[in-house]
Amino acid sequence: MRDGRESAVLGPLGSCGTAGASPSLISVTRCFTLAGVAVFGFAAACSRTPESREAAFLKSAAKHLQSNDLARAILDLKNAAQVMPQDPEPHYRMGLAYSGAGNLQDGVAEFQKSIDLNPRHSAALVKLAEILIATNHLEKVKEGEEKARQALASSPDNADAWQVLAAGELREGDRKSAAGHLETALQKSPGHLKSASMLAALKMQDKDLDGAEETLKQAAGAQPNSAEHRMALARFYAQTDRLDESKQEFAQALKTNPKYGPALVALADLSFRDSKIEQAAQFLQRASALPDRAYRPLHAAFLLENGKGDEAVTEFERLYKREPADRDLRTRLISAYLRTGRDAA
């Protein structure tokens, strides 16, 4: 008969041997091994620091945001904020997630929470300033400018803050101060595209086309591998009727990033204007293959508008079959059926 100590050890482990019989050395060893694994796992879980748990939640949130799963990303970020309540980072990232999805009210609230925890959180200050300055209320615009100045007080080389401050000044009609602060932003960060684009726009309004071009060229030169910078220069040339140079810059943007959607669409448009229908279709076909859903129906829609209804219907059917929950694709498919006089498959 087992004594009380033996049964107290072996009992909770379940059927380690035959009931009523003495367990073998192997079965006892196995039981204690399993118990050790269980205890080790429990200890490992308990030994995770709040910092490591927060890092895991932040990493998971980033993955969910990449797949456009906002709900799960926000849940992860709330969990991160719960395990590290004094860290402003989860609230800042929630602000980015909410505002990026168009929920500015919750975005503002989370940016403010981040600032409450760290009044020198320059990134949160700048994002909050940007939202406030974009409103239609002058008092909010002034409040946004003050937030930008607070960011600059702790981060004087922050080009984003200088640019947002300039945006607020423009809202108030102070072009001179705005231009000066945009130039400061570009001194701090020569490739800062928002500042370069805003300053170029001001120069264009003043009929200084050479100055506008030089501003965009310098920014592009500071970021030679940026398709976005080439795109800005290409748009400037298009606006000033320098179409050959515009095409060259669009092509350069595409060379820098062969999957850059805006350049593919722009080149399709220019090809269509030159009556190069097949070339335009090829650019749109490449755009439609991009992960961004906004580009997916472009090639089929182009085919439909250019006398290739059957091909358009076939492509819309393929797209809708792949994403049957997409209402926009469904609407486009029905429209294509009606335009071509075809019945639904």
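Quick note: structure is the one above.
Anyway, here's the lowdown on the structure attached to this text. Here the residue numbers are simple positions, counted from 1 along each chain's written sequence. Since the coordinates come from a predicted model, pLDDT governs what is reported: local features require at least 70, and pairs of side-chain atoms require 80 or more to be given and counted, while whole-chain, interface and lining totals use all residues. No hydrogens and no water enter the side-chain calculation; it runs on all heavy atoms of the structure.

**Things to note about the pattern of salt bridges**
Inclusion rule: One speaks of a salt bridge when a side-chain nitrogen belonging to Lys or Arg is within 4 Å of a carboxyl oxygen belonging to Asp or Glu. Secondary structure follows DSSP: runs of H or I at least 4 residues long count as helices, runs of E at least 2 residues long count as strands, and numbering of each begins at the N terminus. The buried label applies to any residue whose accessible area, calculated with a 1.4 Å probe on protein chains only, is under 20% of its type's maximum; exposed applies above 50%, and partly exposed to all values in between.
Under the counting rule described, the total for this entry stands at 21 salt bridges. With a shortest N-O distance of 3.9 Å, Glu143 and Lys140 are connected by a salt bridge. Of the two residues, Glu143 and Lys140 are both situated in helix 8 (residues 138–154); the distance of three residues between them amounts to about one turn of the helix. For Arg273, the salt bridge goes to Asp269, with nearest N and O atoms at 3.1 Å. In this pair, Arg273 and Asp269 both sit in helix 15 (residues 261–273), four residues apart, roughly one turn of the helix. Looking at Asp269, the relative accessible area reads 35%, which means it is partly exposed. Here the salt bridges share partners, and the residues they tie into one network are Glu213, Lys217, Arg242 and Glu245.

**So, the side chain of Glu213**
Applied cut-off: Within 3.5 Å is the distance limit for a polar contact, defined as a pair of N or O atoms, with the added protein rule that one can donate a hydrogen and the other accept it, and that residues adjacent in sequence qualify only through two side-chain atoms. Working rule for contacts: check all heavy atoms of both residues, and any pair within 4.5 Å makes them a contact.
Along the polypeptide, Glu213 turns up in helix 12 (residues 209–222). With a relative accessible area of 11%, Glu213 lands in the buried category. Within the structure, Glu213 has its side chain in polar contact with the side chain of Tyr237 (distance 2.8 Å). Reaching out from Glu213, the side chain makes a polar contact with the side chain of Arg242 at a distance of 3.1 Å. Ignoring sequence-local partners within four residues, the contact set of Glu213 consists of Leu233, Phe236, Tyr237 and Arg242.

**Some thoughts on helix 7 (residues 122–133)**
A turn of α-helix holds 3.6 residues, and therefore any two residues three or four places apart point the same way. Here is the rule we go by: What a helix is expected to span follows from its residue count: subtract one and scale by 1.5 Å.
When the terminal C-alpha atoms of helix 7 are compared, their 16 Å separation across twelve residues agrees well with the 16 Å that a helix rising 1.5 Å per residue should span. Inspection of helix 7 places Ser122, Ala124, Leu125, Val126, Leu128, Ala129, Ile131, Leu132 and Ile133 among the buried residues, and these make up the whole buried set. Packing partners of the buried residues in helix 7 comprise helix 5 (89–100), helix 6 (104–117), helix 8 and helix 9 (159–171).

**Side note on the nonpolar core**
For clarity, the cut-off: Remark: nonpolar core denotes a set of buried residues (Ala, Val, Leu, Ile, Met, Phe, Trp, Tyr, Cys) joined through side-chain atoms within 4.5 Å.
Membership of the largest hydrophobic core comes to 21 residues, with the highest contact counts inside it found for Met231, Phe250, Leu254, Tyr260, Ala263, Leu264 and Phe283. The element that contributes the greatest number of residues to this core is helix 15, accounting for six residues. With near-sequence residues (within four places) excluded, Phe250 lies in contact with Met231, Ala234, Arg235, Ala263, Ala266, Leu267 and Leu270. Counting 20 residues, the second-largest nonpolar core is a separate cluster that includes Phe111, Ala124, Val126 and Leu152.

**Some thoughts on the packing of helix 7 against helix 8**
For any two helices packed against each other, the geometry comes down to the angle between their axes and how far apart the axes lie. Formally: An axis is simply a line fitted to the C-alpha atoms; with a helix, the fit covers only the stretch in contact. Between two such axes, the angle follows the N-to-C directions and lies from 0 to 180 degrees. Any angle that falls under 35 degrees is termed roughly parallel, while one over 145 is termed roughly antiparallel, one within 65 to 115 roughly perpendicular, and all others oblique. Whether a crossing is left-handed or right-handed is set by the direction in which the near helix is turned from the far one by less than a right angle, anticlockwise for left-handed and clockwise for right-handed.
Viewed as axis vectors pointing N to C, helix 7 and helix 8 meet at an angle of 160°, and their least axial separation amounts to 8 Å. The angle between helix 7 and helix 8 falls in the class roughly antiparallel. The interaxial crossing formed by helix 7 with helix 8 has left-handed handedness. Contacts between helix 7 and helix 8 involve Ser122, Leu125, Val126, Leu128, Ala129, Leu132 and Ile133 on the former and, on the latter, Lys140, Val141, Glu143, Gly144, Glu145, Lys147, Ala148, Gln150, Ala151 and Ser154.

**Considering the packing of aromatic side chains**
The test is simple: Stacked, edge-to-face and tilted labels apply to pairs of Phe, Tyr and Trp rings (six-membered ring for Trp) whose centres lie within 6.5 Å, assigned for plane angles under 30 degrees, over 60, and everything in between, in that order.
As enumerated under the stated definition, the model contains three aromatic pairs in all. Taking the centre distance of 5.9 Å and the plane angle of 50° together, the rings of Tyr92 and Phe111 count as tilted. Here the residue Tyr92 occupies a position in helix 5, and Phe111 occupies one in helix 6, the gap between them amounting to 19 residues. Using a relative accessible area of 0% as the deciding quantity, one classes Phe111 as buried. Judged by centre distance (5.9 Å) and plane angle (80°), the ring pair of Phe272 and Phe302 falls under edge-to-face. In this pair, Phe272 sits in helix 15 while Phe302 sits in helix 17 (residues 298–305), placing the two residues 30 residues apart along the sequence. Given a relative accessible area of 39%, Phe272 falls into the partly exposed group.

**Digging into unusual backbone geometry**
The phi torsion at Lys207 lies on the positive side, around 65°, for a residue other than glycine. The phi torsion at Asp241 lies on the positive side, around 60°, for a residue other than glycine. Within the element layout of this structure, Asp241 appears in the loop between helix 13 (227–239) and helix 14 (243–256). Classification of Asp241 by relative accessible area gives exposed; the value is 67%.

**Points about helix 3 (residues 50–66)**
This is how it is decided: Taken from the helix axis, the directions to the C-beta atoms give the arc we talk about.
In this model helix 3 runs 24 Å from its N-terminal to its C-terminal C-alpha over 17 residues, within 8% of the 24 Å that 1.5 Å per residue would give. Those residues of helix 3 that sit buried are Glu54, Leu58, Ala61 and His64. On an axial view of helix 3, the arc spanned by its buried residues comes to 120°, and they lie on one face. Exposed and facing more than 90 degrees away from the buried side of helix 3 are Lys59, Lys63 and Gln66. For helix 3, the elements touching its buried residues are helix 4 (70–83) and helix 5.

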